[in-house]
Amino acid sequence: MADYLIGDVQGCYDALQSLLKKIKFSLDKDQLFFLGDVINRGNKSLETLRFIKHNTDNASMVLGNHDFHLLACVFTKINPHKKDTFVDIINAKESAKLLEFIASQPLLIKHKEVLMVHAGIPPNWDSSRAQAQAEQVQKHLQGEDLSGFLAQMYNNKPDTWDQNLSELAQCQYTINALMRMRFCQSDGRLEFEHKMNADQAPDGFKAWFEHDKRLLKNTDIFFGHWSTLENINQAHIYPMDHGCVWGGALSAIRLSDKQIFSVNC
C-alpha cells in the first residue's frame, strides 16, 4: 500500500489519469491525497471532481483557493472571473451534491505525522493551532448558513494573526493563510501582492517556510498553490504545485520514500 500526494490538478483530468497510470495507482491498496485546487483553469473540472468524490475510500483532498472560489461564486454575490472554468460543475445534474462535497472538505490533513495544506502554515502556529483553526473554518462551512459565512470570508483582512480576534475574524485569517499565503512576516502578517520565487520576497517578508523561528521546522509539510517556486531544497518542505495548468507538470510524491513522479501537461 502506498500513499501519494498530488499537487494542483486544476481540472487537468487527462493529466491526472496519465499520472495515475504512471504510478500504477491501485484502488485496492493505494491512497491519494490532493493538495487543493483540484478544479478551475483546466478544461475538465467536473470530471476531476467526480473522480475524487466517487473514490472517497481512496482519495482525500484539502480545500484550495480555487475550490473555495467556486463555493463563493455559487453561494454569494461574487461573480466568476473570465478565466474560471468550473461552469461545468455548476451546470452538472448532481451539482448540489458536488458543491456539498467541496464544502465538507478540510483545510488541513494530518496523516502519519505529516501535514498537508494548500498554501502553507503561518510560522507562529504549531500543529495544534493549525488543526484547531482549520476545524473552526470547516465547522462553519458545514453549518446552516453557508452563504452568510462565505459572504464574510472573501477579503484580505485581517492580515495578522491574534488569538483575541473574533471567531469570524479568525476564520478570515485562517482561510487566507492556509489557502492563499506565500510571503509573510514572522508574526504571521500576510502579503498577497507578490507571487514570484521565494528568493524574490518583498521587503520585510519571507516565504512562510523560511522564517528561522518557525514552530513547525521539524514537521514534514506538503503543499501546492505556489507554481513559481524553484530550487527549494529545505528540510521537511515539499512544494507540489509544478504548474500543470500553465504547461508545466502534474506531480505526485510517494510518502514512504519521497520519490516524485511527474507527467507533462
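Look up a bit, the structure's there.
Not measured: the values here are computed from a predicted model.

Asks: Just to check I follow, could you spell out the nonpolar core for this structure?
Replies: Considering soluble globular proteins, one finds that nonpolar side chains tend to be buried as a cluster. One finds I6, L32, F34 and I121 to be the most contacted residues of the largest nonpolar core, which totals 77 residues. At six residues, the largest contribution of residues to this core is made by helix α8 (residues 167-180).

Asks: What exactly am I supposed to notice about the side chain of Q31 here?
Replies: Relative to the helices and strands, Q31 is located in strand β2 (residues 31-34). What makes Q31 buried here is its relative accessible area of 17%. Residues within four places of Q31 in sequence aside, it is in contact with M1, A2, D3, Y4, F25, D57, N58 and A59.

Asks: Looking at this structure, how should I read the packing of helix α3 (residues 65-75) against helix α5 (residues 95-103)?
Replies: A pair of packed helices is characterised by two quantities: the angle between their axes and the separation of those axes. In contact at an axis separation of 10 Å, α3 and α5 are set at 125° when each is read in the N-to-C sense. Relative to α5, the element α3 lies oblique. In the packing of α3 onto α5, the handedness of the crossing is left-handed. Listed contacts from α5 to D67, L70, L71, V74 and F75 of α3 are L99, I102 and A103. Residues of the contact of α3 with α5, tallied by class, amount to seven nonpolar, no polar and one charged.

Scoring rules and cut-offs
Residues numbered from 1 in each chain as written. Predicted model: local features only at pLDDT ≥ 70, side-chain atom pairs only at ≥ 80, totals over all residues. Heavy atoms only, no water. Core = buried A, V, L, I, M, F, W, Y, C linked by side-chain atoms within 4.5 Å. Buried < 20%, exposed > 50% of the residue type's maximum accessible area, 1.4 Å probe, protein only. Helix = DSSP H or I, 4+ residues; strand = E, 2+ residues; numbered from the N terminus. Contact = heavy atoms within 4.5 Å. Axes fitted to C-alpha atoms, helices over the stretch in contact; angles between N-to-C directions. Parallel < 35°, antiparallel > 145°, perpendicular 65-115°, else oblique. Left-handed = near helix turned anticlockwise from the far one by under 90°. Nonpolar A, V, L, I, M, F, W, Y, C, P; charged D, E, K, R; others polar.

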